[in-house]
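Each chain, letter by letter, is given below.
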Amino acid sequence: MEASQLVESYTLPDIIQFWARERMVHEVLVARELAKGVLDEGLRLQSENPKYLNASNVLRRGPFVGYSKRSSVPVIIRSAVLDHLKLVADSKLDFSVCILRYEFVMRADFKNWLVHTGRQMPEFWYGEAERTTKIR
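Residues numbered from 1 in each chain as written. Predicted model: local features only at pLDDT ≥ 70, side-chain atom pairs only at ≥ 80, totals over all residues. Heavy atoms only, no water.

Student: Hey, could you run me through the side chain of E103 in this one?
Tutor: Structurally, E103 is set in the loop between α4 (97–100) and β4 (104–106). In contact with E103, other than residues within four places in its own chain, are Y10, T11, L12, P13, L45, Q46, S47, I77, R78 and V81. (Helix = DSSP H or I, 4+ residues; strand = E, 2+ residues; numbered from the N terminus. Contact = heavy atoms within 4.5 Å.)

Student: Explain helix α5 (residues 107–117) to me, please; I cannot follow it from the model alone.
Tutor: Owing to its 3.6 residues per turn, the α-helix brings residues three or four apart onto one side. Buried within α5 we find R107, D109, F110, W113 and L114. Along α5, the residues classed as buried sweep out an arc of 165° about the axis, all on the same side. At its buried positions, α5 is contacted by β1 (9–11), α1 (12–23), α2 (27–40), β4 and α6 (128–132). G118 sits one or two positions beyond α5 and adopts a positive phi of about 75°. (Buried < 20%, exposed > 50% of the residue type's maximum accessible area, 1.4 Å probe, protein only. Arc of directions from axis to C-beta.)

Student: Which parts of the structure should I look at to understand the nonpolar core?
Tutor: Nonpolar side chains in soluble globular proteins tend to be buried together. Counting residues in hydrophobic clusters, the biggest one holds 32 residues, and the most contacted among them are I15, W19, L34, L45, L85 and F110. When contributions to this core are tallied by element, the ones reaching two or more residues are α1, α2, β3 (75–78), α3 (79–89) and α5. Ranked by residue count, the leading element in this core is α2, at 6 residues. (Core = buried A, V, L, I, M, F, W, Y, C linked by side-chain atoms within 4.5 Å.)

Student: Whenever I open this one, the packing of aromatic side chains confuses me. Can you help?
Tutor: A ring pair, where both rings are aromatic, is described by two values, the distance of the centres and the angle of the planes. Per the counting criterion, the structure on display carries 10 aromatic pairs. Between F110 and W125, the ring centres sit 5.4 Å apart and the planes meet at 35°, which makes this aromatic pair tilted. Taken together, the residues span a long stretch of sequence, with F110 in helix α5 and W125 in the loop between α5 and α6 at a distance of 15 residues. Between F124 and W125, the ring centres sit 6.0 Å apart and the planes meet at 20°, which makes this aromatic pair stacked. Within the aromatic cluster, the residues linked to one another by ring pairs are Y10, F18, W19, F110, W113, F124, W125 and Y126. Over the face of the ring belonging to W19 we find R23, whose NZ or CZ atom lies 4.5 Å from the ring centre. (Phe/Tyr/Trp six-rings, centres within 6.5 Å; stacked < 30°, edge-to-face > 60°. Lys NZ or Arg CZ within 6 Å of the ring centre and 35° of its normal.)

Student: Please explain unusual backbone geometry as it appears in this structure.
Tutor: One can expect most non-glycine residues to show negative phi and most peptide bonds to be in trans. Of note in this structure, M24 is not a glycine but carries a positive phi near 55°. Summarising the element assignment, M24 is placed in the loop between α1 and α2. Residue M24 is classed as exposed on the basis of its relative accessible area of 75%. Within the chain, S91 stands out as a residue other than glycine whose phi angle is a positive 60°.

Student: Hey, could you run me through the side chain of D109 in this one?
Tutor: One can find D109 in helix α5. For D109, a relative accessible area of 16% translates into the label buried. D109 has contacts with L43, R44 and Q46, leaving out every residue within four places of it along the chain.

Below is the structure:
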């Protein structure tokens, strides 16, 4: 098992870079696929980790919106990021690392999205045993 497979979450730009390299496609194509995943297929992308939030915390880098496509629990995402993802998904703009640098995806959320959409699990984040196990 590689160290990268033990990581709990990655930023969206890191996922774009690693997955594009692994699939040998341009990063813009992967960014569009992930943007559509967030907007249309329920991929959970977050600006703040709910594990570390409580009612007294102030959300910085706002304004934020609660967004949910498929799941019952909304994610906390910056409104500028949501707007940017809409433009990226519609091929009107290439993704910006500056805008997306703080957005992250949890390993379990990414796996749920991959399984839900029938995509193959990437090697950079999942070991061979996970990639080859059939999910019932």
